[in-house]
Structure formats: structure tokens, C-alpha cells
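# Coordinate inspection notes
Here is how the chains run, residue by residue.
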Amino acid sequence: EPDWDGPAEAEDRAPRERAKLVGALCHKVLEKWDYQMGGDLTGLLDAAWKALKGADPTAEWDVVRTESLSLLSKFVKSEAAKVLGRAEVLGREVPFARPLPDGSIQRGAMDLLYRQDGKLWVADYKSAAVADAEAARAEWGAQGEAYASAVRAATGEAAGFAVVSLKSGTVVEL
């Protein structure tokens, strides 16, 4: 067991915190992105950026904006964006609540609910590179099971779960 040497220094946390903000900004933009028609990516990004930066005025928002624009500029031209452009988007940031066996209630929001080739899917955006389904399943499989269970409870229809990697530009079905 490694020795604990105290809390991480602020500079150690900075890249993780910035990555979280990039993820939040990208999510906010993709809530409004039209996969079929495209749109004004910079305009959507700037509106989301202005809305979010008030929540954490000490963050490096100019860097977050630049990184997000770079990531999204590539993503909207990716194979994943083309796949989602052929899908019927049913909802974005779809809230859910479901009872757990211990009696508590799990709440959350699904990034994207869509129908592709007759099948219902729940997708979760990830800013990390994701290409391997096994690694993705190990990392996010429980999340996918929770989302699919919530969809089944609400609609009576089975749903698949997919991870949408903004960095890789891939849709990884689990």
C-alpha cells in the first residue's frame, strides 16, 4: 500500500479540473448540436462558454474554450457524428430516476437517447479516447446498465448503451 503524502497540490489538480470543464463545455454544446444539419459550432460554444464560466470564475476559461473548440471541431466531422446524424434523436440530457434494491433512488441524466436501425440507444459522451469495447465496458458498463434499466422501466423497451468518444470520434457500443 503506497504511503499517502498529503493532498495533491493545486497544480496537480489543474489538468483534471480543466478536463472536467472541457467535458462540461462540450456537453453543453452537444445538447444543442444538430447532427443532421450541423450549425454554428463557434456560436454554440461561445454561448455555452459564457453561461458556464460564471460558475467558476477562477478557472482557465480561455484555455478550456480553446481545447473544447479543438476537440469539437474534429468531432463534428467524425464518423461518430455521421452515425448520430443518421439516427433519430429522441432526447438530450434526459433525466431519470430509478429505485435501487437498497430502497434509495438513483437520479441522473442521459446525454443522448436515440433510435438507430429500429433499436433504442442511450449514449454517453466521453472526452477521452475510447476505441476498445472491453476497456469501455470495464470503465462504464455499470453506468450503461443503469441507463438501460431506466429506459426499460420508463418505456418497456430494451435499450443498448454506447459510449461516444469525442476525442476518437467513435461510437463504441457496449
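Throughout what follows, the structure given in this document is the object of discussion. Just so it is clear, the structure is predicted and the values come from calculations on it, not from any experiment. (Residues numbered from 1 in each chain as written. Predicted model: local features only at pLDDT ≥ 70, side-chain atom pairs only at ≥ 80, totals over all residues. Heavy atoms only, no water.)

### Describing the layout of surface pockets
Counted only if it meets this: In the cavity and pocket records, a cavity denotes points on a 1 Å grid over the protein atoms alone where a 1.4 Å probe fits but cannot get out, a pocket denotes an open set with protein on both sides within 12 Å along at least 5 of 7 lines, and lining residues are residues with an atom within 4 Å of a point. Grid points are joined across faces, edges and corners, and a volume is the space filled by probe spheres set on the points. The way it works is that DSSP assigns letters per residue, a run of H or I at least four long becomes a helix, a run of E at least two long becomes a strand, and they are numbered from the N terminus. Residues are grouped as follows: nonpolar covers Ala, Val, Leu, Ile, Met, Phe, Trp, Tyr, Cys and Pro; charged covers Asp, Glu, Lys and Arg; every other residue, Gly included, is treated as polar.
Computed from the structure, the largest pocket encloses a volume of approximately 190 Å³. Every residue along the wall of the largest pocket is listed here: Pro 15, Arg 18, Ala 19, Val 22, Glu 67, Ser 70, Leu 71, Lys 74, Ser 127, Ala 128 and Lys 167. Residue assignment for the lining of the largest pocket shows that the elements contributing at least two residues are α1 (10-30) and α3 (61-75). When its residues are assigned to classes, the lining of the largest pocket shows five nonpolar, two polar and four charged.

### Considering unusual backbone geometry
Even without being glycine, Glu 93 reaches a positive phi, approximately 50°. Within the fold, Glu 93 resides in strand β1 (residues 88-99). With a phi close to 50°, Asp 117 is a non-glycine residue in the positive phi region.

### Some words on the pattern of salt bridges
If the charged atoms of two oppositely charged side chains come close together, the side chains can form a pair. Put simply, the test is: The rule for a salt bridge is simple: a side-chain nitrogen of Lys or Arg has to be within 4 Å of a carboxyl oxygen of Asp or Glu. We call a residue buried when its accessible area falls under 20% of the maximum for its residue type, exposed when it is over 50%, and partly exposed in between, using a 1.4 Å probe and counting protein chains only.
Inspection of every chain in the model, using the stated rule, returns eight salt bridges. Its salt-bridge partner being Glu 17, residue Lys 20 comes within 3.8 Å of it at the nearest N-O pair. Here Lys 20 pairs with Glu 17, and both are found in helix α1, just three residues apart, close to one helical turn. A residue is classified by how much of its surface remains accessible, and Lys 20, at 57% relative accessible area, is exposed. For the salt bridge of Glu 134 with Arg 137, the shortest nitrogen-to-oxygen distance reads 2.7 Å. One end of the pair is Glu 134 and the other is Arg 137, both in helix α5 (residues 133-155) and three residues apart, which spans about a single turn.

### A short note on the side chain of Arg 98
This is how the line gets drawn: We treat Lys and Arg as the positive residues and Asp and Glu as the negative residues; His and chain ends play no part in the count. Polar contacts here mean pairs of N or O atoms no more than 3.5 Å apart (in protein, one a potential hydrogen donor and the other a potential acceptor; neighbouring residues in sequence count only if both atoms are side-chain atoms). Whether two residues touch is decided by their heavy atoms; if any such pair falls within 4.5 Å, the residues are in contact.
Relative to the helices and strands, Arg 98 resides in strand β1. Buried charge without a salt bridge: Arg 98, with Glu 145 as the nearest opposite-charge side chain at an N-O distance of 7.3 Å. Among the polar contacts made by the side chain of Arg 98, one reaches the side chain of Gln 106 at a distance of 2.6 Å. Every residue in contact with Arg 98, bar those within four places of it in the chain, is listed here: Ser 104, Ile 105, Gln 106, Ala 146, Ser 149 and Ala 150.

### Observations regarding the sheet that holds strand β4 (residues 159-165)
Using the following cut-off: We call two strands paired when DSSP finds no fewer than two bridges between them. Angles here are taken between N-to-C directions and fall from 0 to 180 degrees, while the axes themselves are lines fitted to C-alpha atoms, restricted in helices to the stretch in contact.
The sheet built from five strands is open, its strands ordered β1-β2-β3-β4-β5 with mixed pairing. Each end of this open sheet is capped by a strand with a single partner; those strands are β1 and β5 (170-173). Looking at each pair of strands side by side, their axes are set apart by 40° on average, direction ignored. In this sheet, strand β3 (residues 119-126) lies alongside strand β2 (residues 105-116) in antiparallel orientation, the contact comprising five bridges. Looking across to β3, one finds that Gln 116 is bridged to Lys 119. Sitting on the sheet, α5 touches β1, β2, β3, β4 and β5, and the angle it makes with β3 is about 130°.

### Topic: the packing of aromatic side chains
Defined as follows: Stacked, edge-to-face and tilted labels apply to pairs of Phe, Tyr and Trp rings (six-membered ring for Trp) whose centres lie within 6.5 Å, assigned for plane angles under 30 degrees, over 60, and everything in between, in that order. The rule for a charge over a ring is simple: NZ of Lys or CZ of Arg within 6 Å of the ring centre, and within 35 degrees of the ring normal.
Under the definition given, this model contains three aromatic pairs. Taking the centre distance of 6.4 Å and the plane angle of 85° together, the rings of Tyr 35 and Phe 75 count as edge-to-face. With Tyr 35 in the loop between α1 and α2 (41-53) and Phe 75 in helix α3, this residue pair connects regions lying 40 residues apart in the sequence. Classification of Tyr 35 by relative accessible area gives buried; the value is 9%. Here the aromatic rings of Tyr 147 and Phe 161 are separated by 5.9 Å at their centres, their planes lie at 70°, and the arrangement is edge-to-face. Highlighted residues: Tyr 147 in helix α5 and Phe 161 in strand β4, separated in sequence by 14 residues. What makes Tyr 147 buried here is its relative accessible area of 8%. For Phe 161, a relative accessible area of 4% translates into the label buried. Counting every residue linked through ring pairs, the aromatic cluster contains Phe 96, Tyr 147 and Phe 161. One Lys or Arg, Lys 53, reaches over the ring of Trp 49 and ends 3.8 Å from the middle of that ring. Above the face of the Trp 121 ring, Lys 119 is positioned so that its terminal group lies 4.4 Å from the ring centre.

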